[in-house]
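Here is what each chain is made of, one letter per residue.
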Amino acid sequence: MTVFETEQISQRRAAVTAGIAMLVMAVCAAFAVGFVNSSLIVKGDSGATTINIFNSSAVFRSGVFSWLVILVSDIIVSWALYSFLKQVDNSLALLSAWFRLLYCAILGVSILNLVYVMLLSSGDNIAATQSNQLSNQIMLFIDAFNKMWSFGLIIFGLHLLLIGKLVLKSRFIPKILGILLMIAAVSYIIVHSLHVFFPQFEQTTVILENILSFPMALGELAFGIWLLIRGGRTSKPAAQ
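To keep things clear, this report deals only with the structure shown in the data block. Small disclaimer: the values here were computed from a predicted structure and weren't measured. (Residues numbered from 1 in each chain as written. Predicted model: local features only at pLDDT ≥ 70, side-chain atom pairs only at ≥ 80, totals over all residues. Heavy atoms only, no water.)

### As for helix H6 (residues 175-197)
Here H6 contains 23 residues, and its C-alpha end-to-end distance of 33 Å stays within 8% of the 33 Å for a straight helix at 1.5 Å per residue. Along H6, the residues that are buried comprise Leu177, Gly178, Leu181, Ala184, Ala185, Ser187, Tyr188, Val191, His192, Ser193 and Leu194. (Helix = DSSP H or I, 4+ residues; strand = E, 2+ residues; numbered from the N terminus. Expected span 1.5 Å × (residues − 1). Buried < 20%, exposed > 50% of the residue type's maximum accessible area, 1.4 Å probe, protein only.)

### Concerning a nonpolar patch on the surface
Together, Ile75, Leu94, Trp98 and Leu101 make up an exposed nonpolar region whose accessible area comes to about 380 Å². Of the residues forming the nonpolar patch, the biggest block, 3 residues, is contributed by helix H4 (residues 90-120). Structurally, Ile75 is set in helix H3 (residues 57-85). For Ile75, a relative accessible area of 42% translates into the label partly exposed. (Patch = residues over 30% accessible without salt bridge, like charges linked within 9 Å, V, L, I, M, F, W, Y side chains within 5 Å. Areas by Shrake-Rupley, 256 points an atom, 1.4 Å probe, with all protein chains shown as cover. Salt bridge = Lys/Arg side-chain N within 4 Å of Asp/Glu carboxyl O.)

### Overview of the pattern of salt bridges
Scanning the model with the defined rule gives 4 salt bridges in all. For the salt bridge of Asp74 with Arg100, the shortest nitrogen-to-oxygen distance reads 2.6 Å. Residue Asp74 is located in helix H3, and its partner Arg100 is located in helix H4; the two are separated by 26 residues in the primary sequence. A residue is classified by how much of its surface remains accessible, and Asp74, at 2% relative accessible area, is buried. Lys169 is the salt-bridge partner of Asp89, the closest N and O atoms lying 2.6 Å from each other. Taken together, the residues Asp89 in the loop between H3 and H4 and Lys169 in helix H5 (residues 132-169) connect sequence positions 80 residues apart. Bridged by salt links that share partners, the residues Asp74, Arg100 and Glu220 form one connected network.

Any link to function would need more than the numbers given here.
Below, the structure is given as structure tokens:
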């Protein structure tokens, strides 16, 4: 087996690993955000949210577990994308990996807020749900998770911006994927900068998020599918 064939196998392994991890994240995020959050958390109503969490504690715990799976998958993707894209530009690929790991660190701290909610709602006394103090605490931790996660997604957007640049710079990845990643990156940065720094424009942010949610999801998902199916099969190092 030649050196190039050995490198190609390694690149293929990294591509498949990244692709699988991205798809796992997509499924877990659909469950944690699309199902658990939307069904249990009532925005602006701490009492209803607390009752929902008490009544569906198993669902909420499953959501927290999904976030842990997302966190681990993100760390794996950081390594796998660096291993696959360093052939294009090692320095840029390393920088993108560090941005994603920074996002992972922020996400990990954010998830602790959900763990606190899980602990607060672990009691069997349903009368506790009538406590305004408990309800306010639970909503405070949920809001803290959302704000911290939004801040992390700004960093994540910068990571995607670098990945998009690497894809466009490469000679073996379809350019359309780089364009989709760039669009997703800009969408993440705009929407979550508004969430974190300009809460007074909440209505505008919600409208923008509804419009941009599809391109935000499409960029990385399309790249993950390509990595899983084609990544590492025909790639060759690009000229520096």
